[in-house]
Amino acid sequence: MRVTVEVVGEGVHEFDVDSASYADLLERVDLSPHEVSVMVDGRPVPEDQPVETDHVTVLRLVQGG
């Protein structure tokens, strides 16, 4: 399945995935589950849940160090 990952304010990425979790997608865009919320259809989803949609929005909550 082809998944579009939109990191709000930073860009859009596309990946081919077979069996991945939302945390796996975050790893591909070099983000930690501790600094973002993953949204599907405007609702947050757990990072350990399997990806079952073709569009994911990532909202960064923490930035910098």
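A quick note: this is a predicted structure, and the numbers were derived from the prediction, not measured.

Trainee: Which residues make up the pattern of salt bridges, and what are the values?
Mentor: Should the charged atoms of two oppositely charged side chains come close, the side chains can pair. Evaluated as defined, the whole model comprises four salt bridges. Arginine 2 is the salt-bridge partner of glutamate 14, the closest N and O atoms lying 3.1 Å from each other. Of the two residues, glutamate 14 sits in strand β2 (residues 11-16) while arginine 2 sits in strand β1 (residues 2-7), which places them twelve residues apart along the sequence. Under the relative-accessibility criterion, glutamate 14 is labelled partly exposed at 46%. Note that aspartate 16 and arginine 2 form a salt bridge whose closest N and O atoms lie 3.1 Å from each other.

Trainee: Outline the environment of serine 37, supporting the account with residue identities and numerical values.
Mentor: Counting through the fold element by element, serine 37 comes out in strand β3 (residues 36-40). Spatially, the C-alpha atoms of serine 37 and alanine 20 are 17 Å apart, while their sequence positions differ by 17 residues.

Trainee: Any chance you could break down the pairing of strand β5 (residues 55-60) for me, citing the residues and the numbers?
Mentor: Here β1 pairs with β5 via four bridges, running parallel. Considered in β5, the bridge of threonine 4 is made with histidine 55. The pairing of β3 with β5 spans four bridges and is classified as antiparallel. Within the sheet, the bridge partner assigned to serine 37 lies in β5 and is leucine 59.

The rules behind these values
Residues numbered from 1 in each chain as written. Predicted model: local features only at pLDDT ≥ 70, side-chain atom pairs only at ≥ 80, totals over all residues. Heavy atoms only, no water. Salt bridge = Lys/Arg side-chain N within 4 Å of Asp/Glu carboxyl O. Helix = DSSP H or I, 4+ residues; strand = E, 2+ residues; numbered from the N terminus. Buried < 20%, exposed > 50% of the residue type's maximum accessible area, 1.4 Å probe, protein only. Pairing = 2+ DSSP bridges.

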